[in-house]
Amino acid sequence: MRKPGDMFDRDFEWIELVSFAADARPGATLGVVSGRRRQGKTFLLRALCQATGGFYFAAEEATDGESLRRIGSDLGAHLGTPAPLEFRDWREVADALLALGRNGPVPVVIDEFPYLARANPSLPSIVQNAFGPRRAEREQSRTRLLLCGSALSFMGGLLAGSAPLRGRAGLELIVPTLDYRNAAEFWNVQDPVLALKVHAIAGGTPAYRREFARDDTPAGPGDFDGWVTRTVLNPASPLFREARYLLADEPDLRDIGLYHSVLAAIAEGNSTRGGIASYIGRKSGDLAHPLNVLQDCGLVVREPDAFKENRSTFRIAEPLITFYHAVMRPIWSDLEHTRDAGRLWQRSQRRFTSNVLGPHFEQVCRYWTRHFAAEETVGGIPIRVESGTVHDVSAKTNHQLDVVVFGLEDEGPEPVIAIGEVKWNEVMSVTHLDRLRHIRGLLTAQGRPGAAGARLLCFSGAGFTDGLSREAGRHADVALAGPAELYAGSAALRSRPQAANQTNRVQRRSLAAGPAERPGRPLRSARHQGNPRRRSTATAACPRGRTIGRSTRRSCRADVA
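Just so you know, these numbers come straight off a predicted model, no measurement behind them.

(A) Structural view of the overall build of the chain. Of the regular secondary structure elements, the chain holds 24 helices and 16 strands. The buried share of the chain, taken over its 561 residues, is 55%. Put simply, of all contacts in the chain between residues at least 6 apart along the chain, 65% involve residues at least 24 apart. Carbon and sulfur atoms provide 46% of the accessible area of the chain, an area that totals close to 24,200 Å².

(B) Spatial organisation of the pattern of salt bridges. Throughout the structure, instances matching the rule amount to 27 salt bridges. Close ionic contact of Arg209 with Asp215 constitutes a salt bridge, the shortest N to O distance being 3.0 Å. Residue Arg209 is classed as buried on the basis of its relative accessible area, which comes to 15%. The class for Asp215 is partly exposed, based on a relative accessible area of 39%. In this structure, Arg384 engages Glu386 in a salt bridge whose closest nitrogen and oxygen atoms are separated by 2.9 Å. We classify Arg384 as partly exposed; its relative accessible area is 27%. One network of salt bridges, with partners in common, ties together Asp434, Arg437, Glu471 and Arg474.

(C) A look at the sheet that holds strand S1 (residues 29–34). On the basis of which strands lie adjacent, the open sheet formed by 5 strands has the order S2-S3-S4-S1-S5 and parallel pairing. On the outer flanks of this sheet lie strand S2 (55–58) and strand S5 (169–174), each paired with one strand and no other. For this sheet, the mean inter-axis angle between neighbouring strands, taken without regard to orientation, is 15 degrees. One ladder, built from 4 bridges, connects S2 with strand S3 (residues 106–111); its direction is parallel. Counted as the bridge partner of Phe55 is Val108 from S3. With respect to the sheet, helix H1 (residues 11–21) is in contact with S1, S3, strand S4 (143–149) and S5, its orientation differing from that of S5 by roughly 165 degrees.

(D) The environment of Arg315, seen in detail. With respect to the helices and strands, Arg315 occurs in strand S7 (residues 312–316). For Arg315, a relative accessible area of 11% puts it in the buried group. Considering only alpha carbons, one finds Arg315 and Ile266, 49 residues apart in sequence, at a separation of 6.7 Å. Side chain to side chain, Arg315 and Glu303 meet in a polar contact 2.7 Å long.

Cut-offs applied
- Residue positions are given per chain, counting from 1 as you read along its sequence in written order.
- For a predicted model such as this one, the threshold for reporting local features is a pLDDT of at least 70, and the threshold for listing and counting side-chain atom pairs is 80 or more; totals across whole chains, interfaces and linings nevertheless cover every residue.
- Side-chain measures were taken over the full set of non-hydrogen atoms in the model, leaving aside hydrogen atoms and water.
- Numbering of helices and strands runs from the N terminus; a helix is a DSSP stretch of H or I covering at least four residues, while a strand is a stretch of E covering at least two.
- When a residue's accessible area, from a 1.4 Å probe over protein chains only, is under 20% of the maximum for its type it is buried; when over 50% it is exposed; and in between it is partly exposed.
- Note on definitions: a residue-residue contact is assigned when non-hydrogen atoms from the two residues lie within 4.5 Å.
- Residue-level accessible areas treat just the shown protein chains as cover; the underlying method is Shrake-Rupley with a 1.4 Å probe.
- A pairing counts as a salt bridge when a side-chain nitrogen of Lys or Arg comes within 4 Å of a carboxyl oxygen of Asp or Glu.
- At least two bridges found by DSSP between two strands is the condition for calling them paired.
- Convention adopted: a line fitted to C-alpha atoms gives each axis, helices being fitted over their contacting stretch, and angles between N-to-C directions are expressed from 0 to 180 degrees.
- Residues adjacent in sequence count toward polar contacts only when both atoms are side-chain atoms; beyond that, a polar contact is any pair of N or O atoms within 3.5 Å, and within protein one must be able to donate a hydrogen and the other to accept it.

Here it is, written out as structure tokens:
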């Protein structure tokens, strides 16, 4: 079944949904579809039902009785009955939905399922009983029931632990945000620096362009400031208050003020639990619950230190929330009442660069290294990419590494195959390379497997000096990359220096080996350079427990914030 022509990307998700819905084997089956808000889940599921003649029901925040009347009315209209169907309880609804599949496989979608379960907490158990083994209504049906929702903590719990539906689902599909390359193509942004800036604000949420910004995209690098003031800083734009609404939409967030304070602390650069506690004036132990809830909601990501098991940092998963807390919240009242948002935006440039762009560029570089870098670039198959802290005993200090790449090893501990440093607004020089060499020596002295031959990666948004470019040209273990390389085709290390960058016109070794992009075409994602979802013979552990190839399945990729 062909994907709708107006659907961007989502090839993997569409194939999985069609395969599930068209499964002709006897017996009704259950699937769960989840993902953060505004990612296009409803668009996908409505398109599936329209293409297959399935039944789609969008739940609303309502009483249990009203929801029963609404689904009876919608199901009656779907079946063409002269009057709405009347149901006394959800058990009758479940059997009516199973009856839709008596003559063949048919998808049945209940969207925003958490709304129904909030009004009737027994609903998951009712679905469990409806799909019980050897139940005639289930065995005689080929209904493909899909439960969908955006409340990640609730949807994740449907199939976890001792939950009623655990073991009942034949599909668990997570619709992710677009990665930074796909986002650039979706926004039709061709300049790599501009693409990074747009992604640092809007992330990979499709609705932010189509519905929220009404297809207002930056015309070019010179239009970025104008685009910001026309959209996200414009009180008349839905993007203006979206970050605040994202928290309000989560049913598990009770004390909204506390959660906003925690997010503000992280946006200000306080990424450790102790730093967050100090910023908001709480004890570190008091933050266990709010941080866990924010992680369950998909708004915060916990990132372990590459070398210190007892140390971890926290990162906001949604770029728009980071932008709101770092740039908008401190001047919120002024933004609401001023007619000159451009003046306020210019005064916020330092905060945008240091609190938003810098950390975002680091995360994009780690994501690129993990998902797009070729083996010859990083010295092996990257299985894990994190930041890390290296202790220098002789100097009695710690060195922070922005990129630490661990390789795949069949036996023994994972080797360190590459380390790297990231600077957004600083021209990198031989001094930065010497620092990486020194840290590599420390790791070697500590006995870290593979450290002695680790590649040295330098990422900069401002360029590289002539001296560093010459070093990269002379040494095969040194590689340099800027925004252009992060967005170019595939990512293999070239054997000769490339053209100078726009900042200082120096020769440098490039990490991009893919074919040049055609003039006038938007930046293309890696999916156009082959099939990034094809499994390879080398496998890696997915964060959600599945075994996957090096080209990680989209549903298992961490979001780029």
